[in-house]
Amino acid sequence: MAANKPTPTPTPTTPLTPTSTEPTHILFVGAGAVGCFYASRLHHPSQNIYTSLTARSNYSAIAASGVVLQTHSFGNYTFWPYAVFPSISAAVPNSSTPSTNHASSSQTPPRHGWDYIIVTTKALPDRSDDAALIAPLVSAKSCIVLIQNGVGVEEPYRKRFPQNPIVSAVTVVSAEQIKNGVIRQNRWTRISLGPYGTGLATPPSSTAKSAEVVQRGYERMEQLKQWWNKYGGIRDVETHTELELQTIRWHKLCINAAFNPTAVLSGGRGNADQLTDPELREHITGIMKEIWSAAPKVLGKPFPDNLAAPDRIIRSTERNTGARPSMLLDWEAGRPMELEVILGNPVRIARAAGVEMPKLQSLYALLRSMQKVREDKKATEKL
Ligand SMILES: NC(=O)c1ccc[n+]([C@@H]2O[C@H](COP(=O)([O-])OP(=O)(O)OC[C@H]3O[C@@H](n4cnc5c(N)ncnc54)[C@H](OP(=O)(O)O)[C@@H]3O)[C@@H](O)[C@H]2O)c1
């Protein structure tokens, strides 16, 4: 199999353009809605691009039947990844273990390591240090890509992997896993990519080394754009500078930090429904305005004109009836919510830049407490 052919060990600066003899191995960590959808559009054995998945609760379903995709954009199909692993540790390349020892060569992590590790778990830094979890997967040639909501998600990865290129990604997609191994993409495909350097507090060009890491981020990002676009049929893959991508992350908070927490705290109301209540509408507008005013102070630049202002976001949300945010679905299912990256990090990052965000802070305090009380109660019931 091509993926088991020996490949030269690239130096960190080697651009990874696949050739007929040099496969590219991409591992998605987190085989949920976003991971399976974008992985399925990146797997192109004919181009020597091999995509694998690290699954968890849905491992057996995917190992048995592949990933069944019901998509608005590409129709219905089954995606058979190059390999699916039941855990992160099972995906750790171990060059001392010859692949011929494995019963199935398709389950062997690539001997020369992962070229891309794409993290598509929910971002829950209060629950698990995912940067530490993926550390055994990362080698000098690995580019780490984070497709997750919120702000500040890259920081733990940059701290742990100072020499690896990091690509930060924001997606506008509506996808869900409707049962184990079955993913439904309801609409949209857009993915915005940007390199991540040393964070906005330290300009990435401050040292030759960090500038070089960012440069490699640019190269890897362009490669991903080309593959998703040319082979995966995703027309709206966008590439950005580090600052532009961080601006998109803060802009997306106008939706995620406004509607998601409010959906839970208002007793389960969807986004459009929230806007039919005058008091909730005023509250939503106030949160968006708070972000609109704070973000430029954090980023050092106002939001550009091409990003929708609060009134436009509100008008388009009103048309999107029936949408229920993921934070509400997580709360209703008893799962942890992405509170730190959507509320806690923005409040802390803004505070460090000398800006208070009292509305976000209130939402954060209330939801964090609701989650804690429920979990304490569950723990007591188990005793
Ligand atoms: N879905 C959307 O439409 C959408 C749109 C825009 C942005 N996003 C963002 O994209 C990110 C991913 O969202 P999602 O909807 O794809 O979430 P999801 O469907 O819950 O998928 C996350 C997957 O990660 C797995 N996982 C978590 N920790 C793991 C570990 N240590 N090892 C292996 N697997 C692990 C989970 O496994 P288990 O099932 O076992 O927990 C789950 O399958 C989030 O930040 C979300 O906010 C989602």
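Labelled according to an unreviewed UniProt entry, the protein appears under the name 2-dehydropantoate 2-reductase, originating from Hypoxylon rubiginosum.

Student: Please clarify how the site of the ligand should be interpreted in this entry.
Tutor: Taken together, 23 residues lie around the ligand, and Val-34, Ser-57, Asn-149, Ala-175 and Glu-338 are the ones closest in. Between Lys-122 and the ligand, the recorded distance is 3.5 Å, taken from a side-chain N or O atom to an oxygen atom. Coverage of the ligand by the protein chains reaches 82% of its 900 Å² of free accessible surface. Listed by contribution, the elements that provide at least two residues to the shell around the ligand are α1 (33-40) and β8 (166-179).

Student: Even after reading the chapter, I still don't get unusual backbone geometry, so can you show me in this structure?
Tutor: The general pattern is negative phi for most residues beyond glycine and trans for most peptide bonds. We note that Asn-48 has phi near 65 degrees; this positive angle belongs to a residue other than glycine. Secondary-structure assignment places Asn-48 in the loop between α1 and β2 (49-54). The phi angle at Trp-188 is positive, at roughly 65 degrees, despite the residue not being glycine. Along the chain, the position of Trp-188 falls in strand β9 (residues 182-196). Trp-188 gets classed as partly exposed once you look at its relative accessible area, which sits at 42%.

Student: Help me understand the packing of helix α6 (residues 242-265) against helix α12 (residues 358-382), please; the structure alone is not making it clear to me.
Tutor: Running from N to C, α6 and α12 cross one another at 40 degrees; their axes reach a closest spacing of 11 Å. It follows from the interaxial angle that α6 and α12 lie oblique. Crossing handedness for the pair α6 and α12: left-handed. Contacts from Ala-257, Pro-261, Val-264 and Leu-265 in α6 reach Leu-360, Leu-363, Leu-366, Leu-367 and Met-370 in α12. Here the residues of the contact of α6 with α12 are counted per class, giving nine nonpolar, no polar and no charged.

Student: Looking at this model, I keep getting lost on the nonpolar core. Mind explaining?
Tutor: Grouped together as the largest cluster of nonpolar side chains are 62 residues, with contacts concentrated most on Ile-134, Leu-137, Tyr-157, Trp-250 and Leu-343. Both domains that furnish three or more residues to this core are identified here as domain 1 (12-240) and domain 2 (245-382). Among residues more than four places away in sequence, those in contact with Leu-343 are Ala-257, Pro-261, Leu-360, Leu-363, Tyr-364 and Leu-367. One finds Tyr-116, Val-145, Val-173 and Trp-228 within the second-largest nonpolar core, a separate group that totals 35 residues.

Student: Would you explain the environment of Arg-41 in this entry?
Tutor: Looking at the secondary structure, you find Arg-41 in the loop between α1 and β2. Along the primary structure Arg-41 and Phe-74 are separated by 33 residues, whereas in three dimensions their C-alpha atoms are 9.6 Å apart. Those residues in contact with Arg-41 that sit more than four places away from it in its chain are Phe-74, Tyr-77, Trp-227, Trp-228, Tyr-231, Gly-232 and Ile-234. Engagement of the side chain of Arg-41 in a polar contact is seen with the side chain of Tyr-77, the distance being 3.1 Å.

Student: Would you mind showing me how to read helix α8 (residues 278-299) here?
Tutor: Each α-helix turn comprises 3.6 residues. Residues three or four places apart therefore point the same way. Over its 22 residues, α8 extends 32 Å from the first C-alpha to the last, a length consistent with the 32 Å expected when each residue adds 1.5 Å. Turning to α8, its buried residues are Leu-280, Ile-284, Gly-286, Ile-287, Met-288, Glu-290, Ile-291, Ala-294, Ala-295, Pro-296, Val-298 and Leu-299. For α8, the N-terminal cap is Asp-277; the gap from its side-chain oxygen to the backbone nitrogen of Glu-279 is 2.9 Å. In the segment just after α8, Gly-300 is the residue with positive phi, at about 80 degrees.

Student: What's the story with the pairing of β8 in this structure? I'm lost.
Tutor: A regular strand places its side chains on the two faces of the sheet in alternate fashion. Note that strand β7 (residues 143-147) and β8 share four bridges and pair parallel. Counted as the bridge partner of Ile-144 is Ile-166 from β8. One ladder, built from 12 bridges, connects β8 with β9; its direction is antiparallel. Following the sheet pairing, Ala-175 is matched in β9 by Gln-185.

Student: Would you explain the pattern of salt bridges in this entry?
Tutor: In this structure the tally under the stated criterion is 18 salt bridges. Where Lys-122 meets Asp-330, a salt bridge forms, and the shortest distance between an N and an O atom there is 3.2 Å. Separated by 208 residues along the polypeptide, Lys-122 in the loop between β6 (116-119) and α3 (130-134) and Asp-330 in helix α10 (residues 326-332) bring together distant segments of the chain. A relative accessible area of 38% means that Lys-122 is categorised as partly exposed. One salt bridge connects Asp-330 with Arg-335, and the closest N-O pair in it is separated by 2.9 Å. Residues joined by salt bridges that share partners form a network here, namely Lys-122, Asp-330 and Arg-335.

Student: Explain empty space enclosed by the protein to me, please; I cannot follow it from the model alone.
Tutor: Where empty space is left becomes clear once a probe the size of a water molecule has been rolled over the atoms. Tallied over the full model, the rule gives two cavities of 30 Å³ or more. Counted as a void, the second largest cavity has a volume near 30 Å³. Lining the second largest cavity are Asn-149, Gly-150, Val-170, Arg-249, Lys-252, Leu-253 and Asn-256. Composition of the lining of the second largest cavity by domain shows at least three residues from each of domain 1 (12-240) and domain 2 (245-382).

Cut-offs and rules
Residues numbered from 1 in each chain as written. Predicted model: local features only at pLDDT ≥ 70, side-chain atom pairs only at ≥ 80, totals over all residues. Heavy atoms only, no water. Near = heavy atom within 4 Å. Polar contact = N/O pair within 3.5 Å; in protein donor to acceptor, adjacent residues only side chain to side chain. Areas by Shrake-Rupley, 256 points an atom, 1.4 Å probe, with all protein chains shown as cover. Helix = DSSP H or I, 4+ residues; strand = E, 2+ residues; numbered from the N terminus. Buried < 20%, exposed > 50% of the residue type's maximum accessible area, 1.4 Å probe, protein only. Axes fitted to C-alpha atoms, helices over the stretch in contact; angles between N-to-C directions. Parallel < 35°, antiparallel > 145°, perpendicular 65-115°, else oblique. Left-handed = near helix turned anticlockwise from the far one by under 90°. Contact = heavy atoms within 4.5 Å. Nonpolar A, V, L, I, M, F, W, Y, C, P; charged D, E, K, R; others polar. Core = buried A, V, L, I, M, F, W, Y, C linked by side-chain atoms within 4.5 Å. Domains from an automatic or database assignment. Expected span 1.5 Å × (residues − 1). Pairing = 2+ DSSP bridges. Salt bridge = Lys/Arg side-chain N within 4 Å of Asp/Glu carboxyl O. 1 Å grid on protein atoms, 1.4 Å probe; cavity = no way out; pocket = protein on both sides within 12 Å on 5 of 7 lines; lining within 4 Å. Points joined across faces, edges and corners; volume = space filled by probe spheres on them.

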